[in-house]
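The lines below spell out each chain.
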Amino acid sequence: MSKPHTSPGLWALAWRRLRGDKIAMVSLAVVGAFFLLVLASASGLVAANWEDEVAVSYAPPTFVGVDADAAGDGAIHVPDERSAPTPVNVLDPLADDIAELRAELKSDPSAGVDMYGVTDPLADDLTALRAGMGKAKKLVTHKAATLPFGADKWGHDIIQKTIKGGETSIVVGLVAALLAVVLGTLFGAVSGYFGGVVDDFFNWFYSIFTSIPSILMILTVAAVLQQKGVLTIVLILGLTGWTGPYRLIRAEYIKHKAREYVMAADAIGASHWRKMFSHIFPNVSHVALVQMSILVVGFIKAEVILSFLGFGVPVGTVSWGSMLNEAQNELILGKWWQLTAAATAMAVLVTAFSLFTDALRDALDPKVK
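Every residue gets a number counted from 1 within its own chain, in the order that chain's sequence is written. Only residues with pLDDT of at least 70 get local features here, since the model is predicted, and only at 80 or more are side-chain atom pairs given and counted; chain-wide, interface and lining totals rely on the full set of residues. Side-chain metrics in this entry use all non-hydrogen atoms of the structure; hydrogen atoms and water are not considered.

Among the nonpolar cores identified, the biggest contains 55 residues, and Leu237, Tyr253 and Trp320 are the most heavily contacted of them. Secondary structure elements are defined from DSSP: runs of H or I of at least 4 residues count as helices, runs of E of at least 2 residues count as strands, and each element is numbered from the N terminus. In terms of residue count, the dominant contributor to this core is helix H11 (residues 272-309) (13 residues). Those residues in contact with tryptophan 320 that sit more than four places away from it in its chain are Phe34, Thr162, Gly165, Gly166, Ser169, Ile170, Ile300, Val304, Ala342, Ala345, Met346 and Leu349. Nonpolar core, defined: a set of buried Ala, Val, Leu, Ile, Met, Phe, Trp, Tyr and Cys residues in which side-chain atoms within 4.5 Å join the residues together. For every residue, the accessible area (1.4 Å probe, protein chains only) is compared with the maximum for its type, and the residue is labelled buried under 20%, exposed over 50%, or partly exposed between those bounds. With 9 residues, the next largest nonpolar core counts Ala14, Ala24, Val290 and Phe356 among its residues. In this analysis, two residues are considered to be in contact whenever any of their non-hydrogen atoms come within 4.5 Å of each other.

Here is the structure:
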């Protein structure tokens, strides 16, 4: 006896549609590669030493060639200021008198006693300091003249810096999107399910947030918090980005609360909380998932804008936004590699994520065949 045929569920049908879309699968592979880099960076497997000064300042990419200023042995020598000749000011009226005084002074450096019989209390310290400077004169620090994709002002490897910056930007995008979707789903579920005065209150609250341009709202929250850091950026983006998920989730709950399966749950005595999140939410979860994937892209770009404007990550933390902020000064000097690396990495991730989001939205839409 053959087993009865079981109809595939929503997620099985969605995965079947995604597998048939080559662009979606390539985009998913690119996004997955970025996430693997983030995990490897967070665990210290890659880009752990991104702060090491491994090259000379503004070292060009290897395929460009060695810069004329960095040509030679790629080493930085500690200069000896004592060996530099003292410039003569021909306009100094006391130059001759000073030269005569220096010629008359007959001091003994080893004893620290000058011509007046006064003992120098710092003579021993100065002797030791001069000996140390003599050793430092021979100190040579070897640094690379080129790197695969160049270095920044401090000699940091641009490739490692881009990977580490991607960790910050992607984590900010994911966590902030999760916070925004959780708030939007919670507010939308309560508003759409209960309706009445509760719905009016949340609609009023929603209208306040949407009446202010998003960038002004973001800058306002940033000014109120008055702190820099990854947590601050997550709060800024999450607390201002819940409006989109709220509108869609509210509409879905208004539609589903009158369905037969909800009435059946009400007939058996299910609580409001159980009907909202055990019965209705699984049927609208694909909306929240699509909204989250859309917000990740938007929040990654928003983090770049905030860091570029100075409201982003603090000093000592790198992100794609902070790299673009540094690159604006480097571009004036003709040093384009940091700008290119950060902009290319962000463009590839945002494009792949956007294409995957579009495909996921089509795959989860039961009306699309």
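Structure shown, so let's carry the discussion forward.
For the rest of this paragraph, the subject is the packing of aromatic side chains. The rule is short: rings of Phe, Tyr and Trp, with Trp giving its six-membered ring, pair when the centres are within 6.5 Å, and they are stacked under 30 degrees, edge-to-face over 60, tilted in between. Across all of its chains, the model carries 18 aromatic pairs by this definition. Taking the centre distance of 6.3 Å and the plane angle of 80° together, the rings of phenylalanine 35 and phenylalanine 353 count as edge-to-face. Here phenylalanine 35, found in helix H2 (residues 22-42), pairs with phenylalanine 353, found in helix H13 (residues 337-364); they are 318 residues apart in sequence, far enough to count as distant. On the accessibility criterion, phenylalanine 353 (7% relative accessible area) is buried. Relative to phenylalanine 209, the ring of phenylalanine 205 has its centre 5.1 Å away and its plane inclined at 70°; by these criteria the two rings are edge-to-face. With phenylalanine 205 and phenylalanine 209 both in helix H6 (residues 196-211) and 4 residues apart, the pair spans about one turn of that helix. Residue classification places phenylalanine 205 among the partly exposed positions, given a relative accessible area of 27%. We classify phenylalanine 209 as buried; its relative accessible area is 18%.

In this section: unusual backbone geometry. Even without glycine at this site, alanine 47 takes up a positive phi of about 55°. With respect to the secondary-structure elements, alanine 47 resides in the loop between H2 and strand S1 (75-77). Classification of alanine 47 as buried rests on a relative accessible area of 8%. For tyrosine 58, which is not a glycine, the phi torsion comes out positive at approximately 55°. One can find tyrosine 58 in the loop between H2 and S1. Assessed through its relative accessible area of 18%, tyrosine 58 is described here as buried.

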